[in-house]
Each structure stands twice: as structure tokens, then as C-alpha cells.
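Observations on chain architecture
Chain by chain, the residues:
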Amino acid sequence: MDTKERIVTFVQTYCLEFSTVCTKLRTPGGSGSVRWQPPPVETVKANFDAAFKPTSGVASSGVVVRNSSVEIMGASFRSVGSVSSSFAAEASAAIHAIELVVDSGFSRAIIEGDSLTIIKKLMAKTRDLSDICSLVWEAKSKAQNLLACSFSFVPRMGNQAAHILASADYAEDRFWVEDEPPSLGPLLAKERCFSE
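The rules we used
- Within any chain, residue numbers begin from 1 and follow the written order of that chain's sequence.
- Local features are withheld for residues below a pLDDT of 70 in this predicted model, meaning they are given only at 70 or higher, and side-chain atom pairs are given and counted only at 80 or more; totals for whole chains, interfaces and linings count all residues.
- Derived side-chain values reflect all non-hydrogen atoms in the structure, with water molecules and hydrogen atoms excluded from consideration.
- Within this scheme, the nonpolar core is defined by two criteria: the residues are buried Ala, Val, Leu, Ile, Met, Phe, Trp, Tyr or Cys, and they are joined through side-chain atoms within 4.5 Å.
- Relative accessible area decides the class of each residue, using a 1.4 Å probe on protein chains only: under 20% of the type maximum gives buried, over 50% gives exposed, and in between gives partly exposed.
- Secondary structure elements follow DSSP: runs of H or I of four or more residues count as helices, runs of E of two or more count as strands, with numbering from the N terminus.
- For two strands to be treated as a pair, DSSP must find at least two bridges joining them.
- Here the axes come from fitting lines to C-alpha atoms, over the contacting stretch only for helices, and the angles between their N-to-C directions go from 0 to 180 degrees.
- Of all possible arcs, the one meant is that of the directions from the helix axis to the C-beta atoms.
- Any two residues whose heavy atoms approach within 4.5 Å are treated as being in contact.
- Angle categories: roughly parallel below 35 degrees, roughly antiparallel above 145, roughly perpendicular from 65 to 115, and oblique for all the rest.
- For any pair of crossing helices, the crossing counts as left-handed if the nearer helix is rotated counterclockwise from the farther one by less than a right angle, and right-handed if it is rotated clockwise.
- Side-chain classes follow a simple rule in which Ala, Val, Leu, Ile, Met, Phe, Trp, Tyr, Cys and Pro form the nonpolar group, Asp, Glu, Lys and Arg form the charged group, and the remainder, Gly included, forms the polar group.

**Details of the nonpolar core**
If you look at the biggest cluster of nonpolar residues, it comprises 34 residues, and the most contacted ones within it are Phe48, Val65, Val101, Ile111 and Ile132. For this core, the secondary-structure elements that each account for two or more residues are strand S1 (44-53), strand S2 (58-66), helix H2 (86-103), strand S4 (108-113), helix H3 (116-123), helix H4 (133-143) and strand S5 (148-153). The dominant element in this core, judged by the number of residues it contributes, is H2, at 11 residues. If you look at the next biggest cluster of nonpolar residues, it comprises 12 residues, including Ile72, Trp176, Leu184 and Leu187.

Structural data, given as C-alpha cells:
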């Protein structure tokens, strides 16, 4: 695939994702009213997001892992250098989420993000042939370390905690165990109220 075809494919994929999200935002009861939802009992949900700076090629990811009781089981901020695109940044964030879940000793997880393109690639049964195929393969491979793992799309409104964490301006990687990052306090308190 030459450069022109890659650009066309990238733009078409981006436009489709943008159109889908816009449609959901305009739909009554659509993603404008979406809130984070807790996972089933004995399962954790790891929400992930990425922030990408195209001029520098630097990205960061934020991951927030919660249980069915809406308790923070873990959270992490990671900076990633030499990223080629926002899709690569989101795929790296998905890997970050899976690694955090596995390293924390959980066996059942829902990996949830707001990039429809990445979630579709992670859910696909066919081999990915895009520019980020190695990242998609790595995420799927790491997910096999879990007894049960599913991937789920949520609009940005339901992924705010991961978005805030990914957009944070930390000088180094951060990790919280059964504790919430200070920047998420007000949002998490609000989400707990809606989950009750």
C-alpha cells in the first residue's frame, strides 16, 4: 500500500468514526447521556485513553481500573515516545490497560476505550493489515493472559476518567494501587453517585 492509499484509508476511517460519534451525540438518549458503567461482579473494567502530540510524536496514556463496586483497583499514567499517529497512541493505551490488568493479578476484564477504530480492530477475528497491525497483535496476544477479556467502545462522556489521566501533565510515569489519582477525585465522586 503506497503513501496516498494509506492517507486515503486513514481519512476514511477517521471520518467514519467521527460520523458515528456525532450521530450518537445527536440521538436522544445517545452518548450525550452516557456515563461510566460498572462491570459485572468478579470482573474489572479498565478504561483507557491516549493523548497524542503530532508535532513531537509523543503520546501519553491513562488507564483507570475499577471493580463492580466502583472502587479504584489501579490507575496509571504512561508517557510514550515515537508514536506515528493518534491510532497508534490509542492502540498503545489499550496495551497499557491490558498490562495493568494482568500485572495487577486480575483474570476477568473489560477493556474499554473511546476509539471506535481501535476497539473494532481488537474485536476483529481477522488479521489486521493496517499500519498499527503489530500493536493490535500485541494487545490481542497480551489479552490471552486473562481468563476472560472483552473489548468495549464507550463514547468520550463515559471515558472521562481515562481521558483526564491521559491528558495530565506528569513529568514521569505514575501508578496508583487501590487509590485514585488526585486529578480524578471530583469526577469519580460524581460517577459513584450515578452508579448507586
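Further notes follow.
**Some words on the sheet that holds strand S3 (residues 72-80)**
With respect to topology, six strands assemble into an open sheet ordered S5-S4-S1-S2-S3-S6, the strand pairing being mixed. Looking at strand neighbours, the two that pair on one side only are S5 and strand S6 (174-177), the edges of this open sheet. For this sheet, the mean angle separating the axes of adjacent strands, direction not counted, is 15°. With six bridges joining them, S4 and S5 adopt parallel strand pairing. Looking at the pairing, Ile110 lines up with Ser150 of S5.

**What about H4?**
A turn of α-helix holds 3.6 residues, and therefore any two residues three or four places apart point the same way. Taken residue by residue, H4 has Leu135, Val136, Ala139 and Ala143 as its buried positions. All buried residues of H4 lie within an arc of 100° about the axis, which places them on one face of the element. On its buried side, H4 packs onto H2, H3 and S5.

**Section: the packing of H2 against H3**
To characterise two packed helices, one gives the angle between the axes of the helices and the distance between these axes. Packing of H2 against H3 brings their axes to within 9 Å, and their N-to-C directions diverge by 55°. It follows from the interaxial angle that H2 and H3 lie oblique. Read as a crossing pair, H2 and H3 show a hand that is right-handed. Contacts from Phe87, Glu90, Ala91 and Ala94 in H2 reach Thr117, Ile118 and Leu122 in H3. Considered class by class, the residues forming the contact of H2 with H3 number five nonpolar, one polar and one charged.

Shape descriptors only; they carry no functional weight alone.
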